[in-house]
Amino acid sequence: MNTPSNIVVRFAPSPTGRLHIGNIRTALLNWLFAAKSGGQFVLRLDDTDEERSTEEFALGIVEDLAWLGMDPHRIEKQSSRVAIYDKTADLLRSKGLLYPCFETPDEIERRRKRLMARGLPPVYDRAALKLTDAEKAEFQEQGRKPHWRFLLPNYESSPFETRRTEVHWDDVMRGDQTVDLASMSDPVLIRGDGSYLYTLPSVVDDVDMGVTHVIRGGDHITNTGAQIAVFEAIGAAPPAFGHHNLLMDSSGEGLSKRTGSMSIASLREDGFEPMAVASLATLIGTGQAVEACRNLVELADTFDPKKVSKSNAKFDRGELDGLNEKLLHTMSYGEAQERLQALNSDLGDGFWTAVRANLSRFSEVEQWKAVVEGEFEAAEVADEDVEFLRQAAEMLPDMPWSTDVWQVWTAALKEKTGRKGRGLFMPLRKALTGLEHGPELAALLPVIGWERTRRRLP
Ligand code: GLU
């Protein structure tokens, strides 16, 4: 762990919305992979779509990563690197590997439907390659702006006679993968408005930034085939690739940036511990048990990329509650102290140890602090308990208290009054806390202390 290596990974979201649990799974799988080998984690903002990308979403991404403990070693924005992409596009043009197309979206769609109706794969027929210079000039005169496609190397002598062309890689998560370049359309690299789709910039950046491993969702497997061809076309060695399964919502639908309740921001607002979110987002959909890890280092040690399942996984928000409780119930005072102070609720180790098992969210410590300090409405005392509580007051052990003061006190009361079980404990609990449930009184009583206890008894 943490011996520096030359491993470089990147997380490459488009800042077009808030990150959801599925995006963060990609980020974590990258981060953990790098952490395991002391590598670097680059945050690359794929913001070439100027209309939909915003600075606010970019900041939100950095904030969400930081909340989960993932501070990037480097942050890059594609929008500031367009000149570099232009150079590579020119290189591809000069090699005849990037060609202009003038079909409108409607025309493309009609062709696609025609092919599908004939039971053929809807692969682009490269009609634009047949355009003469005069025809291209005419389209331009009509005001049509070309989009540009990359000519896939899936033919021998004529691009109109494609043949099976397999691209292979040893996937970090899936093992041997094969994509046939003849089964796909030449990818559009540049839109009609001149902006880049992510395919080319991503390759250029991965080369420039020394990315050694591209870890991303299984929805990118076909892209990987095409991108490997782009790497080769620009004379660069492709990095290693890993494709993880995707997370679906409870109805089996894919998550989108509009799935508000799955956003990291909303989970944070709901008071979940970052490590509950990180543990579930990482270990769900693997052959490994979903357990709550205390920090990312522990999660990196636990997580095995080879165990990621091939099939997609359903994300169940309900599972977060259990993990969250597990983390809180086993959190040491040392770990909690700073946060207790921030909530003005640091009543010491004894208090924390007494109340933590009752927390489902960290912020609930404030309620228990209020209980300890007596800021609660006194519970009504049933007639038959008045005398019992008076006796309890009388028999309350004097200070200094021993650590087993609760046992000593209740044993004496039991003997004196003949009460036991609920009849013995419940009136005391209600008098001391105003509630019928809560932390173990044996642990809470010393925190409440003699004076406050005495005041709560008749
Ligand atoms: N911006 C792309 C996406 O979010 C990046 C994919 C990749 O990791 O290469 O889908």
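This structure is a prediction, so every number in the text was calculated from the model and none was measured.

Conventions adopted
- Residues numbered from 1 in each chain as written.
- Predicted model: local features only at pLDDT ≥ 70, side-chain atom pairs only at ≥ 80, totals over all residues.
- Heavy atoms only, no water.
- Helix = DSSP H or I, 4+ residues; strand = E, 2+ residues; numbered from the N terminus.
- Rg over C-alpha atoms; globule rule 2.2 N^0.38 Å.
- Buried < 20%, exposed > 50% of the residue type's maximum accessible area, 1.4 Å probe, protein only.
- Near = heavy atom within 4 Å.
- Polar contact = N/O pair within 3.5 Å; in protein donor to acceptor, adjacent residues only side chain to side chain.
- Nonpolar A, V, L, I, M, F, W, Y, C, P; charged D, E, K, R; others polar.
- Pairing = 2+ DSSP bridges.
- Right-handed = clockwise from strand over helix to strand, strands pointing away.
- Contact = heavy atoms within 4.5 Å.
- Salt bridge = Lys/Arg side-chain N within 4 Å of Asp/Glu carboxyl O.
- Phe/Tyr/Trp six-rings, centres within 6.5 Å; stacked < 30°, edge-to-face > 60°.
- Axes fitted to C-alpha atoms, helices over the stretch in contact; angles between N-to-C directions.
- Parallel < 35°, antiparallel > 145°, perpendicular 65-115°, else oblique.

A.B. asks: Run through the overall build of the chain, naming residues and quoting values.
C.D. replies: Secondary structure summary: the chain contains 18 helices and 12 strands in total. Against the 2.2 N^0.38 benchmark of 23 Å for 458 residues, the chain shows a C-alpha radius of gyration of 31 Å, more extended than a compact globule. A principal-axis box enclosing the C-alpha atoms of the chain has dimensions of 105 × 45 × 40 Å. Put simply, the chain has 458 residues, and 48% of those count as buried.

A.B. asks: Could you give me a rundown of the site of the ligand, with the residues and numbers involved?
C.D. replies: With respect to spatial proximity, the complete set of residues near the ligand consists of R10, A12, S14, D46, Y198, S202, R216 and H220. R216 places a side-chain nitrogen or oxygen 2.7 Å from an oxygen atom of the ligand. Here the shell around the ligand is built from residues that sort into two nonpolar, three polar and three charged.

A.B. asks: Give a description of the pairing of strand β1 (residues 8–11) that names residues and reports values.
C.D. replies: Side chains V8 and R10 project from β1 onto one buried face, and the interleaved V9 and F11 project onto a second face that is buried too. Of the strand pairs in this sheet, β1 and strand β2 (residues 40–45) are connected by four bridges, and their pairing is parallel. Note that in β2 the partner of R10 across the bridge is V42. The β-α-β motif built from β1, the intervening helix α1 (residues 21–36) and the parallel element β2 has right-handed crossover chirality.

A.B. asks: Residues and numbers for helix α9 (residues 274–283), please.
C.D. replies: A large share of α9 lies buried, amounting to nine of its 10 residues. Among the residues making up α9, those that are buried are M275, A276, V277, A278, S279, L280, A281, T282 and L283. Of the surrounding secondary structure, the elements contacted by the buried residues of α9 are α1, α2 (55–67), α8 (264–269), α10 (296–302) and α11 (318–329). G285, located one to two residues past α9, shows a positive phi value of around 70°.

A.B. asks: Give me the environment of P13: which residues, what numbers.
C.D. replies: Relative to the helices and strands, P13 is located in the loop between β1 and α1. Residue P13 is classed as buried on the basis of its relative accessible area of 8%. If sequence neighbours within four positions are ignored, P13 has contacts with L19, L43, R44, L45, D46 and I61.

A.B. asks: Tell me about the pairing of strand β9 (residues 213–217), and name the residues and values.
C.D. replies: Of all the five residues making up β9, five are buried; the element is thus mostly covered by neighbouring parts of the structure. Bridge analysis of β9 against strand β10 (residues 240–244) gives five bridges, and the strand direction is parallel. Each bridged residue has a counterpart across the sheet, and for V214 the counterpart in β10 is F241. For the handedness criterion, the β-α-β arrangement of β9, helix α7 (residues 221–233) and β10 is classed as right-handed.

A.B. asks: An account of the pattern of salt bridges is needed here, citing residue identities and associated values.
C.D. replies: By the definition in use, this model includes 34 salt bridges. The partner of E373 in a salt bridge is K369, and the shortest N-O contact between them spans 3.6 Å. Of this pair, E373 and K369 are both found in helix α14 (residues 365–373), four residues apart, which corresponds to roughly one turn of the helix. Residue K369 is classed as buried on the basis of its relative accessible area, which comes to 16%. A single network of salt bridges, built from pairs that share partners, joins R10, R44, D46, R81, D205, D206 and D208.

A.B. asks: With reference to specific residues and values, describe the packing of aromatic side chains.
C.D. replies: In the structure shown here, the tally under the stated rule is six aromatic pairs. Both rings, one in W352 and one in F362, keep their centres 5.4 Å apart while their planes meet at 35°; by these two values the pair is tilted. With W352 in helix α13 (residues 349–355) and F362 in the loop between α13 and α14, this residue pair connects regions lying 10 residues apart in the sequence. The pair formed by W352 and F362 is uniform in burial state, with each residue classed as buried. A connected cluster of aromatic rings, assembled from ring pairs, spans W406, W409 and F425.

A.B. asks: Kindly report on the packing of α1 against α9, identifying the contributing residues and their values.
C.D. replies: Relative orientation of the contacting elements α1 and α9 amounts to 85°, with a least axis distance of 9 Å. The orientation of α1 relative to α9 falls into the category roughly perpendicular. Where α1 abuts α9, its residues I21, I24, R25, L28, L29 and L32 lie against V277, A278, A281 and T282. Considering only residue class, the contact of α1 with α9 consists of eight nonpolar, one polar and one charged.

Purely geometric stuff here, so don't read any function into it on its own.
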